[in-house]
Amino acid sequence: MNEVTKIDRTQREYSDAVKKALGRAPQLFINGEWVDSSGDETIDVEDPSSGKVISKFVEATDKDIDRAVAAAKAAFDDGRWRNLPPVAREKIMHRLADLIEENADEFAELEAIDVGKPKGMAAMIDVPGAAAHFRYMAGWAGKIGGETQAPYSMPGGMMFAYTLKEPVGVCAQIVPWNFPLLMACLKIAPVLASGCTTVLKPAEQTSLTALRLADLVAEAGIPAGVVNIVTGYGHTAGDRMVKHPDVDKVAFTGSTEIGKLINRNATDTLKHVTLELGGKSPVVVMPDVDVSETAPGVSQAIFFNSGQVCVAGSRLYAHKSVFDEVVEGMAQTKDFWAPRPSLDPEAHMGPLVSKEQHDRVMGYIEAGKRDGASVLMGGDAPSDAGYYVNPTILTDVNPQMSVVREEIFGPVVVAQRFEDLNDVVRDANDTQYGLAAGVWTKDASAAHRIASQLQAGTVWVNCHAMIDPALPFGGYKESGVGHEQGRLGLEAYLETKTVMMKL
């Protein structure tokens, strides 16, 4: 089922505010100031809706990274942030959230033209979510504390013992290209709440909103050196950050392959590491569902953000009694999800982020076809201009196929039938990943039973990809190390110190 409706994929004109942001000189935000790089290399910014180069930013050198880390270390060591009263830090974080909301339209447009996601989606999800992370973590700034503990092996009254929670220090934070602003704020928020300092590197494909965020960091009153934002490639700038001896913690969101490399490199100095990595999330549809509600829901699970989501519901397991109805219902959403330019007000799905990602996804689709998969919907690229891929449903697949086993990170779902509940749980868990999973059923007992058996850090029931700052997010198996968000996300930026005083 290929597209029938003719779509004009000409990108719309940018606003004046965005034109101004695109026209800024390529610089780095270090020690509270915009500074020139020590080198002269730059990286092109592409609009994936057109494939055209629209701006440039700095490719940071080793000297640039060293300068940023030195600024973060100086800011941490002299206590200009961590020693502020918690109420002051909390107030500043709320001010930063206010500024994001005041500039919401500009952020949504920048995110749309940089990533390719629809502006309406960025305005509804990405920008409010970014502000929410600062607001949630701001509340923790004044609630960090240790506890007293009576020693187990000593007489009463002999020793007074207690614990302290202290910020870990200088953090290197590397964020992905699929939710650039949201992920930058998710990373920076616990840094500010805990009293740490940071050097943040956005993805080389999508750095526009992180650079704009730096303006607001300064305007909000965050002291110089506490938040530094540098741009560059992962294998150069990112690698320098991870290996730097003055970095105490590394937080990375991205592919499992790169996460493993970062983990190895951080081991030399035993840095604290948090990794949020890849996924191949199963979605289990039970026979009792209302297909009219479920089919659009499981479609959104995979086609939202063009499938470029770590928790995307890319493996569909529908009971044999409803399988045909579910996939046909998904196929009926093809016009809704037909890719459009990111600034098209009718867009629900945009292009993929880059030519590299476009070619990767199309390569997987072709591999699936060669391996015997059938294309129920999509499977093609609808335009030569921009990096569009039609939403795709593959059936007649088996667990040995690359499209079933590997993370595609595109709008491609592999649909499979099941009959026995034990078998589908086994198949759902038959993966190196364990980031998330979904269950669709009217039976609450079955939902709890299946959720308890799925090897995943998050399980959604009758919904998908619902993320909240108060709830911890992390993965099983090769989907990550540690957690972000919630109290666990804050504690990843804290050290625990025991103090024992003889009385």
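Residues numbered from 1 in each chain as written. Predicted model: local features only at pLDDT ≥ 70, side-chain atom pairs only at ≥ 80, totals over all residues. Heavy atoms only, no water.

Caption draft 1: Highlighting the packing of helix H3 (residues 86-102) against helix H7 (residues 208-220). With their axes 9 Å apart at the nearest point, H3 and H7 run at an angle of 135° to one another. The orientation of H3 with respect to H7, classified from their angle, is oblique. When you trace H3 past H7, the crossing you get is right-handed. Along the contact surface, H3 presents Ile92, Arg95, Leu96, Leu99 and Ile100, while H7 presents Leu213, Leu216, Val217, Glu219 and Ala220. Taken together, the residues of the contact of H3 with H7 sort by class into eight nonpolar, no polar and two charged. (Axes fitted to C-alpha atoms, helices over the stretch in contact; angles between N-to-C directions. Helix = DSSP H or I, 4+ residues; strand = E, 2+ residues; numbered from the N terminus. Parallel < 35°, antiparallel > 145°, perpendicular 65-115°, else oblique. Left-handed = near helix turned anticlockwise from the far one by under 90°. Contact = heavy atoms within 4.5 Å. Nonpolar A, V, L, I, M, F, W, Y, C, P; charged D, E, K, R; others polar.)

Caption draft 2: Fine view of helix H8 (residues 234-243). Regarding H8, the residues found buried are Ala237, Gly238, Met241 and Val242. Seen from one end, H8 has its buried residues packed into an arc of 135°, which puts them on one side. (Buried < 20%, exposed > 50% of the residue type's maximum accessible area, 1.4 Å probe, protein only. Arc of directions from axis to C-beta.)

Caption draft 3: Representation of the UniProt feature "domain: Aldehyde dehydrogenase" (unreviewed entry) in the protein. According to UniProt, the "domain: Aldehyde dehydrogenase" (unreviewed entry) feature falls on residues 34-499. Across residues 34-499 one finds 40% helix and 20% strand; the C-alpha atoms that close the span lie 42 Å apart. (UniProt positions renumbered as here; feature names shortened; annotations may be inferred.)

Caption draft 4: How the structure looks around unusual backbone geometry. For leucine 270, which is not a glycine, the phi torsion comes out positive at approximately 50°. Relative to the helices and strands, leucine 270 is located in the loop between helix H9 (256-267) and strand S10 (272-276). Of note in this structure, asparagine 462 is not a glycine but carries a positive phi near 60°. Mapped onto the fold, asparagine 462 is located in the loop between strand S18 (458-461) and strand S19 (476-477).

Caption draft 5: Highlighting the sheet that holds strand S14 (residues 392-395). Spatially, the seven strands line up as an open sheet ordered S13-S14-S15-S12-S11-S17-S18, and their pairing is mixed. Pairing within the sheet leaves two strands with one partner each, and these edge strands are strand S13 (374-377) and S18. The mean angle between the axes of side-by-side strands here comes to 25°, regardless of whether they run parallel or antiparallel. For S14 and strand S15 (residues 412-418), the ladder comprises three bridges, and the chain directions are parallel. Looking at S15, one finds that threonine 392 is bridged to valine 412. Together, strand S11 (282-285), strand S12 (315-319), S13, S14, S15 and strand S17 (436-440) form the strand contacts of helix H10 (residues 291-303), whose direction differs from that of S17 by roughly 170°. (Pairing = 2+ DSSP bridges.)

Caption draft 6: Expanded view of the packing of aromatic side chains. Inspection of the entire model under this criterion finds six aromatic pairs. Where phenylalanine 303 meets tryptophan 337, the ring centres are 6.2 Å apart and the plane angle is 55°; that geometry is what we call tilted. Linking phenylalanine 303 in helix H10 with tryptophan 337 in helix H12 (residues 334-337), this pair joins segments that are 34 residues apart in sequence. Judged on exposure class, the residue phenylalanine 303 and its partner tryptophan 337 are both buried. Pairing phenylalanine 336 with tryptophan 337 gives two aromatic rings, centres 5.0 Å apart and planes at 80°, and the pair type is edge-to-face. Take phenylalanine 336: its relative accessible area is 41%, and that puts it in the partly exposed class. Classification of tryptophan 337 as buried rests on a relative accessible area of 6%. Aromatic ring contacts, followed pair by pair, group Phe303, Phe336 and Trp337 into a single cluster. (Phe/Tyr/Trp six-rings, centres within 6.5 Å; stacked < 30°, edge-to-face > 60°.)

Caption draft 7: Broad picture of the packing of helix H2 (residues 62-77) against H8. In contact at an axis separation of 9 Å, H2 and H8 are set at 40° when each is read in the N-to-C sense. Comparing the axis directions of H2 and H8 gives the class oblique. H8 is crossed by H2, and the crossing has right-handed handedness. Judged by residue contacts, Asp62, Ile65 and Asp66 of H2 engage Ala237, Arg240 and Met241 from H8. Split by residue class, the contact of H2 with H8 holds three nonpolar, no polar and three charged.

Caption draft 8: Region of interest: the nonpolar core. The biggest cluster of nonpolar side chains holds 78 residues, and the ones touching the most others in it are Phe134, Leu192, Val285 and Leu316. Examining the composition of this core, we find that ten residues originate from one element, helix H6 (residues 180-194), more than from any other. Residues Val199, Val230, Val250 and Phe252 belong to the second largest nonpolar core, which totals 27 residues. (Core = buried A, V, L, I, M, F, W, Y, C linked by side-chain atoms within 4.5 Å.)

Caption draft 9: Fine view of the side chain of glutamate 106. One can find glutamate 106 in helix H4 (residues 104-115). A relative accessible area of 12% means that glutamate 106 is categorised as buried. Other than its neighbours up to four places away in sequence, glutamate 106 contacts Ala17, Val18, Ala21 and Arg212.

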